[in-house]
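Residues per chain, in single letters:
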Amino acid sequence: MPKAPAAGSQQVTIANYAFSPSTLTVSTGTTVTWTNSDTDSHTVTSSGSGPLGSGLLSQGASYSYTFTTPGTYAYICSIHPYMHGTVVVQ
């Protein structure tokens, strides 16, 4: 099983209607920042219940969340629900 990187910060890019990387493994205490590089707006929204809720991110906008509890956090773009990603917190 791969080790999670040390707590700090990680980046997810929103481009071409996809989250990249689509799966990210981090340590507790890590702040993940999503940045929208598409011309269309997107969101970072937890699938089902969960802590992620960016609101509308226009081109160039970012949203950050610090993960403090281990678990698997699935998320989508609520505007384009075929866009999905996962953060695994160890």
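Here's what I pulled together on the structure shown here.

Calculation notes
Residues numbered from 1 in each chain as written. Predicted model: local features only at pLDDT ≥ 70, side-chain atom pairs only at ≥ 80, totals over all residues. Heavy atoms only, no water. Helix = DSSP H or I, 4+ residues; strand = E, 2+ residues; numbered from the N terminus. Rg over C-alpha atoms; globule rule 2.2 N^0.38 Å. Buried < 20%, exposed > 50% of the residue type's maximum accessible area, 1.4 Å probe, protein only. Core = buried A, V, L, I, M, F, W, Y, C linked by side-chain atoms within 4.5 Å. Contact = heavy atoms within 4.5 Å. Polar contact = N/O pair within 3.5 Å; in protein donor to acceptor, adjacent residues only side chain to side chain. Pairing = 2+ DSSP bridges. Axes fitted to C-alpha atoms, helices over the stretch in contact; angles between N-to-C directions.

As a further point, take the overall build of the protein. Helix and strand counts for the protein stand at zero helices and eight strands. Scaling as 2.2 N^0.38, a compact globule of 90 residues should have a C-alpha radius of gyration of about 12 Å, and the protein matches this with 12 Å. With 90 residues in all, the protein has 32% of them scored as buried.

This paragraph deals with the nonpolar core. Among the nonpolar cores identified, the biggest contains 18 residues, and Phe 19, Trp 34, Val 44, Phe 67, Tyr 75 and Val 87 are the most heavily contacted of them. Elements supplying a minimum of two residues to this core: β1 (9-15), β3 (23-26), β4 (30-36), β6 (62-67), β7 (71-76) and β8 (84-89). Every residue in contact with Val 87, bar those within four places of it in the chain, is listed here: Leu 24, Val 26, Trp 34, Phe 67, Gly 71, Thr 72, Tyr 73 and Tyr 75.

Before going further, it helps to spend a moment on the side chain of Ser 46. With respect to the element layout, Ser 46 can be found in strand β5 (residues 45-46). In this structure the side chain of Ser 46 is engaged in a polar contact, spanning 2.8 Å, whose partner is the backbone nitrogen of Leu 52. In this view, Ser 46 contacts Pro 51, Leu 52, Ala 74 and Tyr 75; residues no more than four positions away in its chain are not counted.

The next point concerns the sheet that holds β4. Spatially, the four strands line up as an open sheet ordered β2-β1-β4-β6, and their pairing is mixed. Each edge of the sheet is formed by a strand with only one pairing partner; in this case those strands are β2 (18-20) and β6. Looking at each pair of strands side by side, their axes are set apart by 20 degrees on average, direction ignored. Sheet topology note: the β1/β2 ladder contains three bridges and is antiparallel.

In this section: the environment of Tyr 75. Along the polypeptide, Tyr 75 turns up in strand β7. When its relative accessible area of 1% is taken as the criterion, Tyr 75 is described as buried. Tyr 75 sits eleven residues away from Thr 86 along the chain, and the two C-alpha atoms are 6.1 Å apart. A polar atom in the side chain of Tyr 75 sits 3.1 Å from the side chain of Trp 34.

A few words now on the sheet that holds β8. Ordered in space as β3-β8-β7-β5, the four strands form an open sheet in which the pairing is mixed. Looking at strand neighbours, the two that pair on one side only are β3 and β5, the edges of this open sheet.

Among the secondary structure elements, Gln 10 is positioned in strand β1. Take Gln 10: its relative accessible area is 23%, and that puts it in the partly exposed class.

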